[in-house]
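Geometric and topological summary
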Amino acid sequence: MSPQTFLEDFHHVANIGSTPHHGVDRQAATPDDQRARDWFTAFAKERGWTIRVDGIGNLFALITLRPGAPFIIVGSHLDSQPLGGRFDGAYGVIAALHAAERVERRARETGERPEFNLAVVDWFNEEGGRFAPSIMGSSVFAGIKDREEMLAVRDLAGTRVAEALDSIGYLGPDEGPEAAGYAEIHIEQGRILERESLTIGAVDSSWYTQKLDIEVNGEQSHTGATAMADRRDALLAAAKIISMVHDVTLGFPAEELVSSVGQLTVEPNSPIVVARHAHLVADLRSNSREIVHQARDTLRRQIAELAEAARLDISVRDFDIRENQYYPESGVELTLDIATELGIGARRMQTMAGHDSVAMNRIVPSVMIFIPSEGGVSHCEREFTSDADMLAGLEVLSEVVHRLVHGALAPSLLPGAQGRA
Ligand code: HGY
Ligand code: MN
Ligand code: MN
């Protein structure tokens, strides 16, 4: 497939669920997610690949290169954040489809016999914007999250994952492929590659992350008639907690801890009623597990003091905890070597954002590759990566996948042989 065809496919998919300011709003299991998945399915069927949909909506295209062998899986996610960027996830899926086509054709034309089969995947609900937690489909596949529990998760409108997947025809009956290894390419969503004028990031580890799920319960009252001393205002407390979540980062060296509250719901959400209930989710991340734990303990203490002073009932629950992940050194070296062979500037780096590879690396050796994000902007309609960088990434991914199906990581494919950095 020509680079031009890849670009045509990428920009076609970017139109599915596109927004007025060049982003996409293609949230998990919505009709636009269905349309993107239907495009993926048609691409695969046109090439005679076999489609499988598993019980949490993960969508696989299976390519037989060595009958009976386990699979190298390559892919990412087509779902987006609300008013998100058109590159996050979708680039990795479309690049994986094109890389797989190149690898299959090369095996056919050269007669080489790969060690493994190949599968391309669109993981269900990586983003977690509509249904929390994020990285849902790959975490169920990796055995980290329970399928039934995830199928029962509801969005803010009360729709369950199972109902939403069924409504778009992607609540599948199949088992996923037997995984022997995983590869994913993704935009960096940070500024390091751009700042160093490099095109490829070979990701060697991921940050420790967790969320705090916070419920604030007060009492409804009249915003006009109720004495201030009598108010038990859940929204006021939520506002103070939002500020605490930001300010806790100031207790550590700059940028060592990052945190925000990104979601807030209020009941009854009337301009004339003191709020009885607020729900908010805080996201805490650091390369240091210890720093996240210290920040969490500080917040728990501050919130307990606030609850007492304001006569509120506030619950704080640890949620969506992700340990640091260390990708196999052999995979990092493979990416760096291939970039060098192709004359493409590359460096080793970490990921602060979560990815499906963070789940997959728990079960099989995984290779994670970045390409630059302009200005480091992501989860925003302004997200941008150039055609040239996308094509360079496709070249690297194609060669990485070619080597993986020929056993490049074979020594560490044996169970329990996972390397730590
Ligand atoms: O959780 C994450 O970091 C990803 O963007 N969903
Ligand atoms: Mn992503
Ligand atoms: Mn994302």
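Residues numbered from 1 in each chain as written. Chains lettered and ligands numbered in written order. Predicted model: local features only at pLDDT ≥ 70, side-chain atom pairs only at ≥ 80, totals over all residues. Heavy atoms only, no water.

What follows covers the coordination of the manganese ion (ligand 3). Tetrahedral coordination by four donors puts the ideal angle at the metal at 109.5 degrees, and octahedral coordination by six puts it at 90 or 180 degrees. The coordination sphere of the manganese ion (ligand 3) contains the protein donors Asp88 (OD), Glu127 (OE), Glu127 (OE) and His379 (NE2), at a distance range of 2.1 to 2.4 Å. Written as a sequence motif, the donor residues of the manganese ion (ligand 3) are D-x38-E-x251-H. Separating the manganese ion (ligand 3) and the manganese ion (ligand 2) is a distance of 3.4 Å, and Asp88 donates to both of them. One end of the pair, Asp88, is in the loop between strand 3 (71–76) and helix 3 (90–110); the other, His379, is in the loop between strand 15 (366–371) and helix 12 (387–405), with 291 residues separating them in the sequence. (Donors = N, O, S within 2.8 Å, 3.2 Å for Na, K, Ca; no water. Helix = DSSP H or I, 4+ residues; strand = E, 2+ residues; numbered from the N terminus.)

What follows covers the nonpolar core. Judged by nonpolar contacts, the single largest core of 73 residues is most densely connected at Phe40 and Leu118. Beyond its immediate sequence surroundings of up to four residues, Phe40 is in contact with Ile51, Leu59, Phe60, Ala61, Leu78, Val93, Leu97, Val120, Val121 and Asp122. (Core = buried A, V, L, I, M, F, W, Y, C linked by side-chain atoms within 4.5 Å. Buried < 20%, exposed > 50% of the residue type's maximum accessible area, 1.4 Å probe, protein only. Contact = heavy atoms within 4.5 Å.)

Within the structure shown, the criterion is met by 10 aromatic pairs. Pairing Phe6 with Phe10 gives two aromatic rings, centres 6.4 Å apart and planes at 25°, and the pair type is stacked. In this pair, Phe6 and Phe10 are both assigned in helix 1 (residues 3–13), 4 residues apart and thus about one turn of the helix distant. Grouping residues by exposure puts Phe6 and Phe10 together as buried. In this structure, Arg37 is placed above the aromatic ring of Tyr170, and the distance from its NZ or CZ to the ring centre is 5.0 Å. Sitting over the ring of Phe43, Arg47 keeps its end group 3.6 Å from the ring centre. (Phe/Tyr/Trp six-rings, centres within 6.5 Å; stacked < 30°, edge-to-face > 60°. Lys NZ or Arg CZ within 6 Å of the ring centre and 35° of its normal.)

What follows concerns the site of ligand 1. Close to ligand 1 lie Glu126, Glu127, Ser134, Arg285, Arg322, Ala353, Gly354 and His379, which account for all nearby residues. Take Glu127: an N or O atom from its side chain is 3.3 Å from a nitrogen atom of ligand 1. The contact in question runs from an oxygen atom of ligand 1 to an N or O atom on the side chain of Ser134, over 3.2 Å. When grouped by side-chain class, the residues that make up the shell around ligand 1 number 1 nonpolar, 3 polar and 4 charged. (Near = heavy atom within 4 Å. Polar contact = N/O pair within 3.5 Å; in protein donor to acceptor, adjacent residues only side chain to side chain. Nonpolar A, V, L, I, M, F, W, Y, C, P; charged D, E, K, R; others polar.)

With that settled, consider the environment of Gln263. Counting through the fold element by element, Gln263 comes out in strand 9 (residues 257–267). Between the alpha carbons of Gln263 and Val281 there is a distance of 5.6 Å; along the sequence they are 18 residues apart. Not counting the four nearest positions on each side in its chain, Gln263 is found in contact with Gly129, Leu156, His279, Leu280 and Val281.

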